[in-house]
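A look at the structure
Each chain, written out:
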Amino acid sequence: MEPITTFTGRLAPLPINDIDTDQIIPARYLKVTDKNGLGAACFSDWRYNADGSPKADFVLNRSEYQGAAVLVGGHNFGCGSSREHAPWALLGAGFKAVISTYFADIFRGNALKNGLLPVQVDAETHRQLISLAEEDPSAQVTVNLEAQTVTLPDGRSVEFPIDPFSRYCLLNGVDQLGFLLGLDEQVAEFERLHPGRVQTTAS
Amino acid sequence: MTTNGNPPKTLFEKVWEKHLVRPQMPDTPAVLYIDLHLVHEVTSPQAFTLLRERGLKVRRPDRTLGTMDHSTPTTPRNAAGIIPVTDAMAAAQLDVMRKNCADFGIPLYDLGTSNQGIVHVIGPEQGFTQPGMTIVCGDSHTSTHGAFGALAFGIGTSEVAHVLATQCLLQNRPQTMAVRVDGRLHPGVTAKDIILAVIAKIGIGGGTGYVFEYMGEAIRALSMEGRMTICNMSIEGGARAGMVAPDDTTFNYVAGRPYAPKGAAWEQALAEWRTLPTDDGATFDNEVVLDANALTPMITYGTNPGMGMPITANVPDPDQLRDVSQKLALDKALRYMDLQPGQKLLGKRVDVVFIGSCTNSRISDLREAAKFIQGRKVADGVRMLVVPGSQQVKAQAEAEGLHEIFKAAGAEWREAGCSMCIAMNGDQLQPGQYAVSTSNRNFEGRQGKGGRTFLASPLTAAATAINGVITDPREMMN
Ligand code: SF4
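These numbers come from a predicted model, not from an experiment. (Residues numbered from 1 in each chain as written. Chains lettered and ligands numbered in written order. Predicted model: local features only at pLDDT ≥ 70, side-chain atom pairs only at ≥ 80, totals over all residues. Heavy atoms only, no water.)

**Observations concerning the layout of surface pockets**
Of the voids in this model, the largest pocket is the one considered here, and its volume is about 1100 Å³. The wall of the largest pocket is formed by 35 residues, among which N17(A), D323(B), S325(B), Q326(B) and A329(B) lie closest to the centre. Of all the elements in the fold, those that place two or more residues in the lining of the largest pocket are α5 (123-135) of chain A together with α6 (191-202) and α11 (324-337) of chain B. Per element, the largest residue contribution to the lining of the largest pocket is nine residues, and it comes from α11(B). Within the lining of the largest pocket, the residues separate by chemical class into 15 nonpolar, 14 polar and six charged. (1 Å grid on protein atoms, 1.4 Å probe; cavity = no way out; pocket = protein on both sides within 12 Å on 5 of 7 lines; lining within 4 Å. Points joined across faces, edges and corners; volume = space filled by probe spheres on them. Helix = DSSP H or I, 4+ residues; strand = E, 2+ residues; numbered from the N terminus. Nonpolar A, V, L, I, M, F, W, Y, C, P; charged D, E, K, R; others polar.)

If you want it as structure tokens, here you go:
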């Protein structure tokens, strides 16, 4: 994974509460066996008409939001299914961060493991960001992972929370699996002390 | 439970602490050992790819089980007894699953074989799911297994790779919420109605960051199937896991199943399981209380499981809501559902009735629905699908003749799988159609692009199928 430190990008507003992962990437696109090509299907049901043509008024189809790097979603973003295809699709659609007032647990964890930053801000900042994005699509924000801040065009910086371990991994471009693999001896010791009752391979 | 001087603990704390390979530290989450890892075809391929790229093997194939359920067809078998897979992408995904399980030595319940089924149905059915275990799967409804007093939750595909390679997960400790349901359910009101009422009360994000423990007289009185229905939908309230303390109902269910402990091992297990329930005096971070006596059959009217109400109620009015974003959300939902504020749902025509999914596709669900359907006909113009949760459920239902009851009524009797719960396999609503469904999600397009879902219990679904309009099952019970 590429290390993430700081980036600047434009906003795309999608101020809808409880955006579930079935909207981010509908289940019929989950028959893939890799992570590629999901960007085109991101928000498919909101983005395309029945004949496959783009819905002109949907934010991802509007010319002024092309190339936006930060999606500003509503409260409780990413609820529903555990599909990691959701952050894969958002990354595929060009996003590096999602800003919301609240993220669903599994989505937050999945996003962090893929370098898509879940940036949680207070309701007032969120309102400002939505109006900013709607009024001036060229406005940019800077997300700084090291400092855990998002900086608005007026220069104001707002902090966002992120667990220290995920932050460390993202800043250094290492994935979490490496850490677990390094615990091999401790795991073996645990297994020796806790033999467990279930054996799926027994018949 | 009393604690003989030790600090009192909740069921969750006991299971959590027993599985810590390494405690949570200021800079690192806790490392949790996983007893059982269930794997299905949709959320695992990319995890196996990662293992191959890194030259890793599966640490404990003997703690891992594969099944096929999400993208599998549930159409009847052909003359050769095969379930044909006509969707090329689904067929390729199933082949990848076969290859992955074979290459890494993981036992697999292949499509159509006698134990195959929905991942959350087969675990308990085979006796893999036991009290006090940690259980994960790349699937948010893994919370189902918490009904046994296990800590069970859904994970993403990166975490699937973590567990395959190390049998461990990095987890920050969640908070606990007691969900107490006092009193007794009236006839016609079921476990499904309890959980829909809980979610309507707390909202779909209300449980985020928590593990629920369901308790109280009404929970104790439920069968294991009912408890699974409730734990299954914990995630629809935002909680990754829901648990019920194990008791004799639990032990009687587990006893004698193929992978349950036997003989002396059973006695030893039982002694340990009896220490699991929350100690007297243990505290929770939060609590919500419901009165089962006051519950009626529930139904959802909107596009998330928190938008639920008593079946006799009227659809709420966005203009009555103070919060602007909630108003917008309800307005958007009602437009998608094409419903009017203040409208009754009773008497509304539906096109499809779906009985199935990991929420309500177990033998008791099918028995209850069949009792309703027996001697009656599915209304003209209504398509009814009955999809057993597993091949074992299907075989049991057929041994009891339930399939004949459904078929005689005009319903479709299917092979086991997720089917119209997720609409990946061709079983789907057409745009604009209405369905009463016993599944767990009514998100836009969940059961097919443009389809509209009312979530309800198997009883409400069966009553609705017969009348062709949304029906309070209590009206048909005497
Ligand atoms: S039945 Fe539905 S909710 Fe359950 S595992 Fe299958 S797709 Fe997921």
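**Let's talk about the sheet that holds strand β8 (residues 168-171) of chain B**
Residue and element names in this part refer to chain B. Ordered by their spatial adjacency, three strands build an open sheet running β1-β2-β8, and the pairing between neighbours is antiparallel. Strands at the two margins of the open sheet, each flanked by one partner only, are β1 (20-22) and β8. When the angles between neighbouring strand axes are averaged without regard to direction, this sheet yields 40°. One ladder, built from two bridges, connects β1 with strand β2 (residues 30-33); its direction is antiparallel. By the bridge assignment for β2, R22 is matched with V31. (Pairing = 2+ DSSP bridges. Axes fitted to C-alpha atoms, helices over the stretch in contact; angles between N-to-C directions.)

**Notes on the pairing of strand β19 (residues 452-455) of chain B**
Residue and element names in this part refer to chain B. Here β19 shows a buried face lined by R452 and F454 and a second buried face lined by T453 and L455. For strand β18 (residues 434-437) and β19, the ladder comprises four bridges, and the chain directions are parallel. Note on β19: the bridge partner recorded for S437 is L455. (Buried < 20%, exposed > 50% of the residue type's maximum accessible area, 1.4 Å probe, protein only.)

**Observations regarding the pairing of strand β10 (residues 210-215) of chain B**
Residue and element names in this part refer to chain B. Of all six residues in β10, six are buried; the element is thus mostly enclosed. The alternating pattern of β10 places Y210, F212 and Y214 and V211, E213 and M215 on opposite faces, both of which are buried. Looking at chain direction, strand β9 (residues 175-182) and β10 are connected through six bridges and run parallel. Bridging across to β10, A178 finds its partner in E213. Strand direction decides the pairing type here: β10 and strand β11 (residues 241-244), joined by four bridges, are parallel. When the bridges of β11 are listed, V211 appears paired with A241.

Read these as layout, nothing more, since geometry by itself doesn't imply function.
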